[in-house]
Amino acid sequence: MPDNDSYTDEPAADGSTIDRRTFMKATGTTIVGGTGLAAAGSASAQFGGPEVINVEDGWFGWSADGSLPLTDELLIFIHGWFGDTTVSSQAADVLGSLESGGYSPDRTVAIEWPATNFNYYGAEGDTENVGDVVAGLIEDFYDNGGGSVRLVGHSLGGRCVYWTATKLSSGYEIETVAGLGTAADGSEICGDPWNPGLSNACQVRNYYSQNDSTVGSAYGGFGDTALGTEGAGCDPASNYTDVDVTGTVGGHLEYLGDATVCADLAAAINSGSCTSDGDSGDGGWFDWF
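Residues numbered from 1 in each chain as written. Predicted model: local features only at pLDDT ≥ 70, side-chain atom pairs only at ≥ 80, totals over all residues. Heavy atoms only, no water.

## A few points about the overall build of the chain
Turning to step 1, where the next piece is worked out: Counting secondary structure elements, the chain contains eight helices and eight strands.
Turning to step 2, where the next piece is worked out: The buried share among the 289 residues of the chain stands at 54%.
Turning to step 3, where the next piece is worked out: For the chain, the exposed area adds up to about 11100 Å²; of that, 50% sits on carbon and sulfur atoms. (Helix = DSSP H or I, 4+ residues; strand = E, 2+ residues; numbered from the N terminus. Buried < 20%, exposed > 50% of the residue type's maximum accessible area, 1.4 Å probe, protein only. Areas by Shrake-Rupley, 256 points an atom, 1.4 Å probe, with all protein chains shown as cover.)

Below you can see the structure in the form of structure tokens.
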């Protein structure tokens, strides 16, 4: 992929990588902590901007240095290649535009992962590990009584969100999954590896622009599409929608904070199409509201 997300934006986990959830349970570590529950339906106004949680490869494999805040409406943003240094501002741009479009989460979390890697395909491979860790965080969020999750990723972060949905354990569902200019082939969501994960989301929206030459130059080709430039090129699932934003998104970084993108996503969220209460259906705290 010739350009990076300097505004910015496979080796699968091998046998030496310890599953984060298994390790945490074995050590007795509590990874979802006491940030408290926000009142259901409360307006957002997060002091100090989005909270940043670091996901990285350490001594015991991939893990996160924090937990998701327990709240009714949670927005999670994941950056792309070379986006780790600006993830807070990227998340703030997405949040601001979503609020302008009519959706206000109670809390916003930015996932920072080591994407500053001049080996692009190494970073691409790491997105599966990031998705696995974020899936674990979301499961713990639901298990501890959290409400609805809106998961948004840009570029390689789009790969992360689709991996997250795919890595969820049986019985869990993310309310909204959205990829912005996802750095991927359409075949990856039409079939392997992500198509099975679409059933773990209520609604999936993939935003693409034909002006996104960054993704278009690296993905797609004969018999395939570039997911962030042309869409999936198939009908992956009934809950999946390709959204063409060529008219307003002129380049790879312009998805971030784009009014058309976020107005569409806000409207989809506010449509209330999800029947889930944001957990595995096991009677969490927010099931009563």
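## Examining the packing of helix α2 (residues 87-101) against helix α8 (residues 259-270)
Turning to step 1, where the next piece is worked out: In the contact formed by α2 and α8, the axes pass within 8 Å of each other and the chain directions differ by 60°. As far as their axial angle goes, α8 and α2 are oblique. α2 and α8 meet at a crossing whose hand is right-handed. Residues V94, S97, L98 and G101 of α2 lie in contact with α8, whose contacting residues are C262, A263, L265 and A266.
Turning to step 2, where the next piece is worked out: Of the residues assigned to the contact of α2 with α8, the class counts are six nonpolar, two polar and no charged. (Axes fitted to C-alpha atoms, helices over the stretch in contact; angles between N-to-C directions. Parallel < 35°, antiparallel > 145°, perpendicular 65-115°, else oblique. Left-handed = near helix turned anticlockwise from the far one by under 90°. Contact = heavy atoms within 4.5 Å. Nonpolar A, V, L, I, M, F, W, Y, C, P; charged D, E, K, R; others polar.)

## Observations regarding the packing of aromatic side chains
Turning to step 1, where the next piece is worked out: As enumerated under the stated definition, the model contains eight aromatic pairs in all.
Turning to step 2, where the next piece is worked out: Arranged with centres 5.3 Å apart and planes meeting at 80°, the rings of Y120 and Y121 form a pair that is edge-to-face.
Turning to step 3, where the next piece is worked out: Given the relative accessible area of 5%, Y120 is considered buried.
Turning to step 4, where the next piece is worked out: Ring centres of W163 and W194 lie 6.1 Å apart, and the angle between their planes is 90°; this geometry places the pair in the edge-to-face category. Taken together, the positions of W163 in helix α4 (residues 156-167) and W194 in the loop between α5 (187-190) and β7 (201-208) put the pair 31 residues apart, joining distant regions of the chain.
Turning to step 5, where the next piece is worked out: Ring pairs connect the aromatic residues W81, F82, F118, Y120 and Y121, which therefore count as one cluster. (Phe/Tyr/Trp six-rings, centres within 6.5 Å; stacked < 30°, edge-to-face > 60°.)

## A short note on the environment of N195
Turning to step 1, where the next piece is worked out: Tracing the sequence through the fold places N195 in the loop between α5 and β7.
Turning to step 2, where the next piece is worked out: Residues contacting N195, with those up to four places away along its chain left out, are E188, I189, C190 and P236.
Turning to step 3, where the next piece is worked out: A distance of 3.1 Å separates the side chain of N195 from the backbone oxygen of I189, its partner in a polar contact.
Turning to step 4, where the next piece is worked out: Within the structure, the side chain of N195 is placed 3.5 Å from the backbone oxygen of C190, a separation counted as a polar contact. (Polar contact = N/O pair within 3.5 Å; in protein donor to acceptor, adjacent residues only side chain to side chain.)

## Considering the state of the cysteines
Turning to step 1, where the next piece is worked out: Applying the stated criterion across every chain yields a total of one disulfide.
Turning to step 2, where the next piece is worked out: Bridging C190 to C234, the disulfide has an S-S length of 2.0 Å. Of note, the bridge from C190 to C234 carries an S-S torsion of about -105° and is left-handed in sense. Remark: C234 occurs in the loop between α7 (227-230) and β8 (240-244) and C190 occurs in helix α5; sequence separation between them is 44 residues. (Disulfide = S-S within 2.5 Å.)

Geometric descriptors of this kind do not, in isolation, establish any biological role.
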